[in-house]
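# Examining the three-dimensional arrangement
These are the residues of each chain, in order.
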Amino acid sequence: MYSSTPIGGSVRVSQAPLTLSDEQKDQLCASIGDVDLTLLYKASVHGYKASAFHQKCDNQGPTLLVAYNRSGYIFGGYTSVDYTQSGQEIRDEAAFLFSFQGNTSLFIKANSGCYARYDGDEGPNFGNKLYFCNNNQPVVSNRGASQGGLFGNVSAMNAFNFNSSTLYGNDCALTECEVYKVKQTESPLSDYLKPWRNVLWTAEQKAELMEMIRNYKPLTSSVSHIRILMIGPVGAGKSSFFNSINSIFMGRITSKAMSGSAGTSLTTQFRTYPIKDGREGKPLPFVLCDTMGLEEQSGAGLDIEDISSILQGQIPDRYKFNPVTSFQPDEQKSSRSASLQEKIHCVVYVIDATKISLMSEKLEEKLSAIRRKVNSLGIAQIVLMTKVDEACPLVQEDLQNLYLSSYIKTKVQEVSSRLGVPVSCVLPVKNYSQELELELNCDVLLLTALQQMLNFADDYLDDVAPM
């Protein structure tokens, strides 16, 4: 009755399509893998009866349930185990719940896989708590173990910990309930496991990268340290990137630059941060320059004219930005051109992977204006895409899945398109934020990005300065 055709990347459906946004489809795809979805059951067509659900969905293999309510929540769950009405508790370590509401998404993995479902003759359910089409009605019920349920009062027998207010806004009335058969695409298994970029996730690779950075020397003798300027929206992770790189070379988590998730920029000054090779070590051959965050409102955040002054080496360290008035250089100093050593050699745009699709037109316009200025000066440019673990459940589970994730690949392509930079110049990373100890995979990504910044700076110096 229903066939499968492409939707939103690698998830496919044809008739009666999901009313999910492309972003939501991609996130579900990232959690399940490269799959086809075929619609098996649609409550508004087949009825909200358990018998209708089982007639359409039993013995169909892995399935994805998507429900909708009047409060605007789209929620449901995935199970990799068939419905068979066996009367047994189902163990399913791959099962998860999800919820979308506005720009907020939520994914809840099964605690252990035990009691992920009860395979009875009722409607679809998850974790002995969440029952869809309950009592043959267009409702969802959160029975809860404390209310007895099918397994009594043992809370440990619930596979999912969730709050009904965050999962579906406590709105139990369903406007639709759909179940999709989930089938892996016909591509060979090797295609799923083939990364779209190659990274060596080893201690040897980390050590090699650190040694290359320690021994790096700019192409021209007039420049002793590469100056890398970090530009991006408030909260994207500019200061966190400096803290992360500093942590790697210090051998412990550090927090020298102010960072956080405030609504306005925590950085109010232009700061140049040299980094030492260990507590007593020599300064490394680069300086990370931090700025105020970009904001879409006029008169807020970093001024584009200030960025121009930074690029040309006119703004001193610790200059305090004034969003209303741009920097006015001292007349005596402005009469001479800054040396190549004082100028910026590489510009890095820091973009939050979880907010790419939410970027406003005004912010895009600001970034475009900055890029035009940077292009006119011939300065090398890179995009650092942060918070990849928050954007993709597959990556959150294991950072080594980064370049196996089709969702992250689509985000890299989207950034490339929105900012007008080549895909090869978009580097996904995870900064240190909540961790108390260094983590190898995180270090490899961060050091790889830093090494690429130095390479790009060399390209710029090769173009503007004699050897």
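Here, every reference points to the structure presented above.
These lines cover the structure that appears in this document, whether it is placed above or below. (Residues numbered from 1 in each chain as written. Predicted model: local features only at pLDDT ≥ 70, side-chain atom pairs only at ≥ 80, totals over all residues. Heavy atoms only, no water.)

### Concerning the sheet that holds strand β19 (residues 380–386)
Neighbouring strands of a sheet are bound in pairs by backbone hydrogen bonds; such pairs are parallel or else antiparallel. Basically, it comes down to this: Here, strands pair whenever DSSP counts at least two bridges between them. Only runs of H or I of at least four residues qualify as helices and only runs of E of at least two qualify as strands under DSSP, and these elements are numbered from the N terminus. Between two residues, a contact is recorded if the distance between any of their heavy atoms is within 4.5 Å. In this description, a line fitted to the C-alpha atoms serves as the axis of each element, helices being fitted only across the stretch in contact, and the angle between N-to-C directions of two axes falls anywhere from 0 to 180 degrees.
Sheet architecture is open: seven strands sit in the order β17-β15-β16-β14-β18-β19-β20, paired in mixed fashion. Of all the strands in the sheet, the pair left with one neighbour each is β17 (319–320) and β20 (426–428). In the sheet, strand β14 (residues 226–231) pairs with strand β18 (residues 346–352) via four bridges, with the strands oriented parallel. From the neighbouring strand, L229 faces β18, where its bridge partner is V347. Helix α13 (residues 406–419) contacts β18, β19 and β20 of the sheet and is inclined by roughly 140° relative to β19.

### A look at the packing of aromatic side chains
Cut-off, in case you're wondering: Pairs were defined over the aromatic rings of Phe, Tyr and Trp, the Trp ring being its six-membered one, requiring ring centres within 6.5 Å. Orientation was assigned from the angle between planes: stacked under 30 degrees, edge-to-face over 60, tilted for the rest. Buried means the residue's accessible area, taken with a 1.4 Å probe over protein chains only, is under 20% of the maximum for its type, while exposed means over 50%, and partly exposed covers the values in between.
Considering all chains together, one arrives at 12 aromatic pairs under this definition. Note on F126 and F132: the rings are 6.3 Å apart at their centroids and 90° apart in plane angle, and the pair reads as edge-to-face. Residues F126 and F132 agree in their burial class; the two are buried. Taking the centre distance of 4.8 Å and the plane angle of 85° together, the rings of W196 and Y403 count as edge-to-face. Within this pair, whereas W196 is found in the loop between α5 (189–193) and α6 (203–214), its partner Y403 is found in the loop between α12 (393–397) and α13, the two being separated by 207 residues in sequence. Since its relative accessible area comes to 22%, W196 is described here as partly exposed.

### Considerations on unusual backbone geometry
A positive phi angle is found at N59, which is not glycine, with a value near 60°. Relative to the helices and strands, N59 is located in the loop between α3 (50–57) and β4 (63–69). When its relative accessible area of 57% is taken as the criterion, N59 is described as exposed. Phi angles above zero are rare outside glycine, and K387 is one such case at about 60°. Since its relative accessible area comes to 24%, K387 is described here as partly exposed.

### A few points about the pairing of strand β3 (residues 35–42)
By the criterion of burial, β3 is predominantly enclosed, with seven of the eight residues buried. The pairing of β3 with strand β13 (residues 174–184) spans seven bridges and is classified as antiparallel. Looking at the pairing, K42 lines up with E178 of β13.

### A short note on the sheet that holds β3
Reading across the sheet, the six strands line up as β3-β13-β4-β5-β7-β8 and stay open at both edges, with antiparallel pairing between neighbours. One side of each edge strand has no neighbouring strand; the edge strands of this open sheet are β3 and β8 (104–109). Along the sheet, successive strands turn relative to each other by an average axial angle of 20°, direction set aside. Two elements, strand β5 (residues 74–79) and strand β7 (residues 96–101), share five bridges in a ladder whose sense is antiparallel. Along β7, the bridge assignment pairs G76 with F98. The strands touched by helix α1 (residues 22–32) within the sheet are β3, β4, β5, β7, β8 and β13, with β7 carrying the most contacts at an inclination of about 165°. Here α3 sits on the sheet and contacts β3 and β13; the angle it forms with β3, its principal contact strand, is near 145°.

### Notes on the pattern of salt bridges
What counts here: The salt bridge definition used is simple: a Lys or Arg side-chain nitrogen within 4 Å of an Asp or Glu carboxyl oxygen.
The full count for this structure, using the stated rule, is 13 salt bridges. A salt bridge links E397 to K109; the shortest N-O distance between them is 3.4 Å. Of the two residues, E397 is situated in helix α12 and K109 in strand β8; the sequence distance between them amounts to 288 residues. Residue K411 is joined to E414 by a salt bridge in which the shortest nitrogen-to-oxygen separation is 2.6 Å. With a gap of three residues between them, K411 and E414 both fall in helix α13, about one helical turn apart. K411 gets classed as buried once you look at its relative accessible area, which sits at 1%. Each of E364, K411, E414 and R418 takes part in salt bridges that share partners, so that together they form one network.

### Considering the nonpolar core
Under the convention used in this document: Take the buried Ala, Val, Leu, Ile, Met, Phe, Trp, Tyr and Cys residues and link them wherever side-chain atoms come within 4.5 Å; each set so joined is a nonpolar core.
Core analysis: the biggest nonpolar cluster contains 84 residues, and I228, I245, F286, L384, I408 and M453 have the highest contact counts within it. Sort the elements by how many residues they give to this core and helix α14 (residues 440–464) lands first, with 13 residues. With residues near it in sequence (within four places) discarded, I408 still touches W196, M385, V388, A391, C392, V395, L402 and P428. Core analysis: the next-biggest nonpolar cluster, separate from the first, contains 30 residues, A43, F132, C133 and V140 among them.

Remember that the coordinates give geometry; whether it matters functionally is a separate question.
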